[in-house]
Amino acid sequence: MTGREGRAAPMTVPAAEALARDVRLYVFRRAAESGRVPQPAHIAQALGRPQAEIHEALKQLAAGKVLILAPNDGNVWAANPFCAVPSGFRVQAGEKTYWGICIWDALGIAAALGKDAVIRAPCGDCGAPMRLEVRNSRLAHSEGIIHFAVPAHHWWDNIGFT
């Protein structure tokens, strides 16, 4: 349903919440199944909804810290733990490659998928490549130390930096 200038007509709160739920479920399922975080145009097409409504649902989800939107364009940067763009935190699970924003998200991908995984990430101190392996939901092989420079309760102060 669109208004006069191609904008989405205002939805009722329950309808907006239902759409946000549908968008959230679609984004996370698609990211888990494919290794790619879908973007607004694809989400709109898949759900049969106007792109303007999808943008509003994504803004609502971002405000609730369910996902992260890229600055200035409204695309999905991350649906934690899945990152939409390649990063230094690569996760290989089965035949698929996933990306995390940080080591926490990389480990979270293996946990979210419930699959064995190999994680390749740079050392936060010297940049040397590190390899971690998750088997049977446990860290089976690791190199180095995982350090979180920002306390967890401050992560969303600047989630892009964290």
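The present account deals with the structure reproduced in this document. These numbers come from a predicted model, not from an experiment.

The rules behind these values
- Residues numbered from 1 in each chain as written.
- Predicted model: local features only at pLDDT ≥ 70, side-chain atom pairs only at ≥ 80, totals over all residues.
- Heavy atoms only, no water.
- Phe/Tyr/Trp six-rings, centres within 6.5 Å; stacked < 30°, edge-to-face > 60°.
- Helix = DSSP H or I, 4+ residues; strand = E, 2+ residues; numbered from the N terminus.
- Buried < 20%, exposed > 50% of the residue type's maximum accessible area, 1.4 Å probe, protein only.
- Disulfide = S-S within 2.5 Å.
- Polar contact = N/O pair within 3.5 Å; in protein donor to acceptor, adjacent residues only side chain to side chain.

Side note on the packing of aromatic side chains
Then, in step 1: Applying the stated rule across the entire model yields one aromatic pair.
Then, in step 2: Seen in terms of ring centroids, Phe-82 and Tyr-98 are 5.8 Å apart; in terms of plane orientation they differ by 45°. Their pairing is tilted. Of this pair, Phe-82 sits in strand β3 (residues 82-83) while Tyr-98 sits in strand β5 (residues 96-100), placing them 16 residues apart in sequence. The burial state of Phe-82 is the same as that of Tyr-98; both residues are buried.

A closer look at the state of the cysteines
Then, in step 1: For the coordinates displayed, the defined rule picks out zero disulfides.
Then, in step 2: With no disulfide partner, Cys-83 has as its closest neighbouring cysteine sulfur the one in Cys-102, 9.5 Å distant.
Then, in step 3: Judged by its relative accessible area of 4%, Cys-83 falls in the buried class.
Then, in step 4: Left unpaired, Cys-123 is separated from the closest cysteine sulfur, that of Cys-126, by 3.7 Å.

Overview of the environment of Cys-102
Then, in step 1: Note on placement: Cys-102 falls in the loop between β5 and α4 (103-113).
Then, in step 2: Note: C-alpha distance between Cys-102 and Gly-124 (22 residues apart in sequence) is 10.0 Å.

Quick word on the side chain of Glu-133
Then, in step 1: When you line up the elements, Glu-133 lands in strand β7 (residues 129-135).
Then, in step 2: Here the side chain of Glu-133 touches Arg-131 through a polar contact of 3.2 Å, side chain to side chain.

Description of unusual backbone geometry
Then, in step 1: The omega torsion across Asn-80 and Pro-81 is 15°, close enough to zero to call that bond cis.
Then, in step 2: The topology assignment puts Pro-81 in the loop between β2 (76-79) and β3.
Then, in step 3: A positive phi is found at Lys-65, a non-glycine position, where the angle reads about 60°.
Then, in step 4: Here Lys-65 is to be found in the loop between α3 (51-63) and β1 (68-69).
Then, in step 5: A positive phi angle, near 75°, is found at Asn-72, a position not held by glycine.
Then, in step 6: Relative to the helices and strands, Asn-72 resides in the loop between β1 and β2.
Then, in step 7: For Asn-72, a relative accessible area of 84% puts it in the exposed group.

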